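What follows is the residue order along each chain.
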Amino acid sequence: MLGVAGGLFAVEGATSAAAKASSKPLIVWIDTSRVAYEKAYMAANPHANIKWVIYNGNANGTGVLQSKFALWNRTGWPSNAPDVMFDTQNYDAVQLGTAPYNDLLNLKSDVPKKVLNGFAKGSLAACTTPSGQIVCLRNDSAAAVLWVNPGLYKQFFGTAAVPTTWAGILADGQALNTAHAGYLVGDIGDAFDEDYYLWGNECPLDQVTGKGKIEINPSSSNCTGIANAIDSSGDMGKSLSQTSVFASSFNPNKVVMMVGPLWYGTAVFQTGATGGVPTGTMTAYPPPAAVNGAHATGALGGGLWLVSKHAPNQKAAAAFAQFMATSPKIQKVGVDAGLPQYVPDEASYLSSLGSVFGDPSTTEASWKTAASEVWTGWSPVPWSTDAVWGSTALANLTANPPASFASQLLPYAEGLANQARLAGFTVKSPVSAVANGS
Amino acid sequence: MTNPSATVVPDERVSARRGRRAAGRRNDGPAGGSRTAGYFFVALYVVLLLALGIAPTVYAIALALSAPGGLGFAHFVNTFNLFEFAPAFEHIFEFEGIWLASQTIFVVILALIVHTLTRRVSTAFRFVFYLPGAMAGAASVVVWLFMFDPNTSPWAFILHAFHYQLLANTAAPGNLPVLFAIMAFFTGAGGWIVIMYGALNNIPQELIEAAEIDGSGAIQTALKIKLPLIRKWIVYMLVLSFAAGSQLFVEPQILGVATVGEVSPQWSPNQLAYNLAFQYDRFNDAAAISVDLLVIGLLVAVLLVWRGKLFEVE
């Protein structure tokens, strides 16, 4: 702990010394959700010479960083190019840190080994290039847990234990479909639902097996197992919401349970906000076991801190990124909505969650469990798996009546394979339509 | 590309020719001072055209043709073999088919109807028709997003009639060409109605009166007299609209972001080019697709100009 604190002061000192030494401010790009970080940072370092720029966080498929970097690599990097960036897309770091971009700083030389080792196991996977460079720092975990409204659950299911399997969740959904129509056990209406149903069930549709090689197997029983379970439950369009969880017509007070990332707790259920659930309502339970029995879960979002290789003061930029990703002044409740991935910050983060969620000890334990169970077989790739789900499956699953989930696996896999080929990957698959293209 | 002055109605052209003939060779242009001013203004335009029109086109062609061993069609072959290539072109051809057909029919019919109304009433109608066109590009897409979302649309009952409960239902992949055609129609139709009305106003009143004296009814006059006389304007509208439509980008891009990816980021050829250039750093392949679009636009323009006898002087 002492070592962390010492490092922390050194970081803050380095940043302000760098700021004083040169008149050029450190340029930091953040998204709107990270404005709280800016405020927390400026409160901790009121004299820091930093220019904060708000951009879209390189949101799903918009490729703001890719487009700017590609142009700057042709025309030269301007003086107002960002030094440090917050990025909401997990696949960006490896793409921007390797050819043809090669634009990110290898943090191995600028961030102490002890700090890098402090990140949760596997959490820097999206930051590690095939050649072993660390090109980003993970901000927070976005592992999926099972969010439960214990009040509603008790009302409908009495003293029965909260489900620990997908089958259990879907069976509870069936009970609600007839007896309590309108109440929900999950969501099928968003472009990122495959992150829970497929990723969380170890369905191998996004498994990078080597540089430029990907394996896509929609015929795996891990994929068909969950798909058939969903189809035979008949929950889609009933207790599995076809309305997006971000739509204005979505009512979080109807959610009995829902698999979703840690940050759903505040963002989707809008705990304490108008139209949301009252403070202390939702409790996180461990993610359901995969249909193959494995303890696995998916993830959605969470952020990365990237440092530009073209930053004029690389040391100060790296120190800043380290501060943002590891300092308890930033990685605390009220600033960061997800669980810090820097392990030394986790305990104080969890203990200060306090009354935001119901049953703090269960919620804390479940968050930790989920963060360690994210399946690593769903690799960071330079295309959006969510966008492909959105353009192939979403319309069919939200139709009335919905198409079967199982029938979406092949078109989705074909869409992923096409994106992979567009990105120059070689696709391996036992399904010929996926391997050879449709 | 198209010179609108070449499409004046016959009567005007005849008088212009007569005027020119009368002027003779001694005085075949305006006075020296205004000629200099003319060159000056044209020069300004030529500079801009070279810098912002010709140079980027030449650059794109050069990028597209630069192959590993010198010049070649490697990037055209590359992109042609992409799985997204054929669907992207199918999408815009379907979109253009729906849009150009409906725009041509409605614009011509509405212009002909408006032309028969009294001046005061027709002015009001033309203004109303033009209004949606004032909101173009990204702004109109955002408004249409609300219109197409059954949860926010004032016309939700129409969407419900199609069993659409969610934006995801309205924006289903099969519907996209129709949605974009609707957006493009309301953005562009009003302006074209105003232009067609102007063309109809150029028809000499004597001609229409003569037709009426010969016993031609309103519909017959519209179809047999007015329509043939504005035919070139219709061709002109098709040429410009086709070129604009084949470059469809903003609408699918924004709808894709709004629905978190329900519209593929490679839905239209222009999007595919953008995606290749800025997601995968494949500028040469992107340039090849741009050149494909240029060639298609030129071919269609040449075909329409030739078949529509746009530049012909009878």
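These numbers were taken from a predicted model, which means no experiment stands behind them.

About the thresholds
- Residues numbered from 1 in each chain as written.
- Chains lettered and ligands numbered in written order.
- Predicted model: local features only at pLDDT ≥ 70, side-chain atom pairs only at ≥ 80, totals over all residues.
- Helix = DSSP H or I, 4+ residues; strand = E, 2+ residues; numbered from the N terminus.
- Rg over C-alpha atoms; globule rule 2.2 N^0.38 Å.
- Buried ≥ 20, exposed ≤ 12 C-beta atoms within 10 Å, placed from the backbone.
- Contact = placed C-beta atoms within 7 Å.
- Domains from an automatic or database assignment.
- Nonpolar A, V, L, I, M, F, W, Y, C, P; charged D, E, K, R; others polar.
- pLDDT = per-residue confidence, 0-100.
- Axes fitted to C-alpha atoms, helices over the stretch in contact; angles between N-to-C directions.
- Parallel < 35°, antiparallel > 145°, perpendicular 65-115°, else oblique.
- Left-handed = near helix turned anticlockwise from the far one by under 90°.
- Expected span 1.5 Å × (residues − 1).
- Arc of directions from axis to C-beta.
- Pairing = 2+ DSSP bridges.
- Core = buried A, V, L, I, M, F, W, Y, C linked by C-beta atoms within 7 Å.

Novice: Is there a simple way to think about the overall build of chain A in this case?
Specialist: Of regular secondary structure, chain A possesses 16 helices and 15 strands. Since a compact globule built from 438 residues should have a radius of gyration of about 22 Å, the 22 Å found for chain A is in line with a globular shape. Seen through its C-alpha atoms, chain A measures out along the principal axes to roughly 70 × 55 × 35 Å. Relative to its full complement of 438 residues, chain A shows a buried share of 53%. Restricting the contact set of chain A to residue pairs at least 6 apart, pairs at least 24 apart contribute 76%.

Novice: Whenever I open this one, the domain arrangement of chain A confuses me. Can you help?
Specialist: The figure often quoted for interface size is the accessible area lost as the parts come together. Residues and elements named next belong to chain A. For chain A, the assigned domains are domain 1 (2–138 + 303–337) and domain 2 (144–298 + 368–436). Inter-centroid distance (C-alpha atoms) of domain 1 to domain 2 is 30 Å. The partner domain 2 presents 14 residues to the 13 residues of domain 1 that form the contact. Partitioned by chemical class, the residues of the side of domain 1 that touches domain 2 number seven nonpolar, five polar and one charged.

Novice: When you look at the confidence of the model for chain B in this model, what are you seeing that I'm missing?
Specialist: A low pLDDT means the predicted coordinates there should not be read in detail. All names here are of chain B. Here chain B shows a mean pLDDT of 86. Residues at 70 or above account for 89%. Confidence, expressed as mean pLDDT per element, reaches its minimum in chain B at helix H1 (residues 10–23) with 44 and its maximum at helix H4 (residues 85–116) with 95. Contacts from residues 1–25, a stretch scored under 50 in pLDDT, to residues over four places away or in other chains number 18 contacts. Interface confidence in the predicted complex, given as ipTM, is 0.79; pTM for the same model is 0.82.

Novice: What am I meant to see in the packing of helix H6 (residues 137–148) of chain B against helix H13 (residues 250–258) of chain B here?
Specialist: A pair of packed helices is characterised by two quantities: the angle between their axes and the separation of those axes. All names here are of chain B. At their nearest, the axes of H6 and H13 sit 9 Å apart, and the two run at 45 degrees to each other. Relative to H13, the element H6 is oriented oblique. For the pair H6 and H13, the sense of crossing is right-handed. When H6 is examined against H13, the residues Gly137, Ala138, Val141 and Leu145 are found in contact with a partner set consisting of Val250, Glu251, Ile254, Leu255 and Ala258.

Novice: Teacher, can you tell me more about helix H13 (residues 360–373) of chain A here?
Specialist: It helps to recall that an α-helix has 3.6 residues per turn; residues three or four apart then point in one direction. Residues and elements named next belong to chain A. Between its terminal C-alpha atoms H13 stretches 20 Å, which fits the 20 Å expected from 14 residues at 1.5 Å a residue. For H13, the full list of buried residues reads Thr363, Ser366, Trp367, Ala370, Ala371 and Glu373. Taken around the axis of H13, the buried residues stretch over an arc of 165 degrees, which confines them to a single face. Residues of H13 that are buried in the fold lie against strand S5 (140–141), strand S6 (144–148), strand S12 (283–285), strand S14 (339–340) and helix H12 (343–351).

Novice: Before we go on, may I ask you to explain the pairing of strand S3 (residues 84–87) of chain A in this structure?
Specialist: Residues and elements named next belong to chain A. Of the two faces of S3, the one lined by Val84 and Phe86 and the one lined by Met85 and Asp87 are each fully buried. The pairing of strand S1 (residues 26–30) with S3 spans two bridges and is classified as parallel. Its bridge partner being in S3, Trp29 is matched across the sheet by Met85. Sheet analysis places S3 next to strand S13 (residues 304–307), joined by four bridges and oriented antiparallel. Within the sheet, the bridge partner assigned to Met85 lies in S13 and is Leu306.

Novice: Can you help me understand the sheet that holds S13 of chain A in this one?
Specialist: Strands pair in a sheet through their backbones, by hydrogen bonds, and they do so in one of two ways: parallel or antiparallel. All names here are of chain A. Strand order in the open sheet formed by five strands is S2-S1-S3-S13-S4, and the pairing between neighbours is mixed. In the strand order of this sheet, the two ends are held by strand S2 (50–54) and strand S4 (136–138), each with one partner. Averaged over all neighbouring strand pairs, the angle between strand axes comes to 20 degrees, with direction disregarded.

Novice: So what exactly am I meant to see when it comes to the domain arrangement of chain B here?
Specialist: Residue and element names in this part refer to chain B. Taken domain by domain, chain B consists of domain 1 (30–72) and domain 2 (82–307). Taken together, the contact pairs six residues of domain 1 with seven residues of domain 2. Sorting elements by how many residues they give to the side of domain 1 that touches domain 2 places helix H2 (residues 32–65) first, with five residues. A per-class count over the side of domain 1 that touches domain 2 returns four nonpolar, two polar and no charged.

Novice: What is the right way to read the packing of H4 of chain B against helix H5 (residues 119–130) of chain B from this model?
Specialist: Residue and element names in this part refer to chain B. Two elements in contact, H4 and H5, have axes whose closest approach is 9 Å; the angle formed by their N-to-C orientations is 155 degrees. Between H4 and H5, the angle falls in the class roughly antiparallel. Classified by chirality, the crossing of H5 by H4 is left-handed. The residues of H5 that touch H4, namely those facing Leu110, Val114 and His115, are Ser122, Phe125, Arg126 and Phe129. Tallied by class, the residues present in the contact of H4 with H5 amount to four nonpolar, two polar and one charged.

Novice: Looking at this structure, how should I read the interface of chain A and chain B?
Specialist: The interface is formed by 33 residues belonging to chain A together with 24 residues belonging to chain B. Broken down by secondary-structure element, the contributors of at least two residues to the side of chain A that touches chain B are helix H3 (64–75), helix H14 (385–397) and helix H15 (406–422) of chain A. The greatest single-element share of the side of chain A that touches chain B, amounting to six residues, is contributed by H14 of chain A. By residue class, the composition of the side of chain A that touches chain B is 12 nonpolar, 18 polar and three charged.

Novice: Any chance you could explain the sheet that holds S12 of chain A here in plain terms?
Specialist: All names here are of chain A. Strand order in this open sheet of three strands is S11-S6-S12, and the pairing throughout is antiparallel. Two strands in the sheet have a free side with no partner beyond their single neighbour: strand S11 (257–261) and S12. The mean inter-strand angle of the sheet, taken between neighbouring strand axes irrespective of direction, is 40 degrees. In terms of strand pairing, S6 meets S11 through five bridges, oriented antiparallel. Along S11, the bridge assignment pairs Leu146 with Val259.

Novice: How should I be thinking about the environment of Thr385 of chain A in this particular structure?
Specialist: All names here are of chain A. You can see Thr385 is positioned in helix H14. Distance in space between the C-alpha atoms of Thr385 and Leu137 is 22 Å, their sequence separation being 248 residues. Not counting residues up to four positions away in its chain, the partners in contact with Thr385 are Glu194, Asp206 and Leu416.

Novice: Looking at this structure, how should I read unusual backbone geometry?
Specialist: Peptide bonds are, in most cases, trans, and in most cases residues other than glycine have a negative phi. Residue and element names in this part refer to chain A. For the bond from Ala99 to Pro100, the omega torsion is 0 degrees, close enough to zero to count as cis. With respect to the element layout, Pro100 can be found in the loop between helix H4 (92–97) and helix H5 (113–117). In this model, Asn400 is joined to Pro401 through a cis peptide bond whose omega is 0 degrees. Mapping Pro401 onto the fold places it in the loop between H14 and H15. Positive phi outside glycine occurs at Gln270, with the angle close to 45 degrees.

Novice: For this particular structure, what's the right way to read the pairing of S6 of chain A?
Specialist: The two faces of a sheet get side chains in turn, since along a regular strand they alternate between them. Residue and element names in this part refer to chain A. Burial runs high along S6: five of the five residues are buried. Along S6, one buried face is formed by Ala144, Leu146 and Val148 and the opposite face, lined by Val145 and Trp147, is buried too. Pairing geometry for S6 and S12, over three bridges, is antiparallel. From the neighbouring strand, Trp147 faces S12, where its bridge partner is Ala284.

Novice: Sorry if this is basic, but what is going on with the nonpolar core here?
Specialist: Across soluble globular proteins, you tend to see nonpolar side chains buried next to one another. Core analysis: the largest hydrophobic core is formed by 168 residues, its most contacted members being Ala93, Val145, Trp147, Met257, Trp305, Val307 and Ala321 of chain A. Element by element, the count of residues in this core is highest for helix H11 (residues 314–326) of chain A, at nine residues. The residues contacting Val307 of chain A, other than those within four sequence positions of it, are Asp83, Val84, Leu104, Leu105, Leu107, Ala317, Ala318 and Ala321 of chain A. Listed in part, the 21 residues of the second largest apolar core include Val108, Val114, Ala199 and Met237 of chain B.

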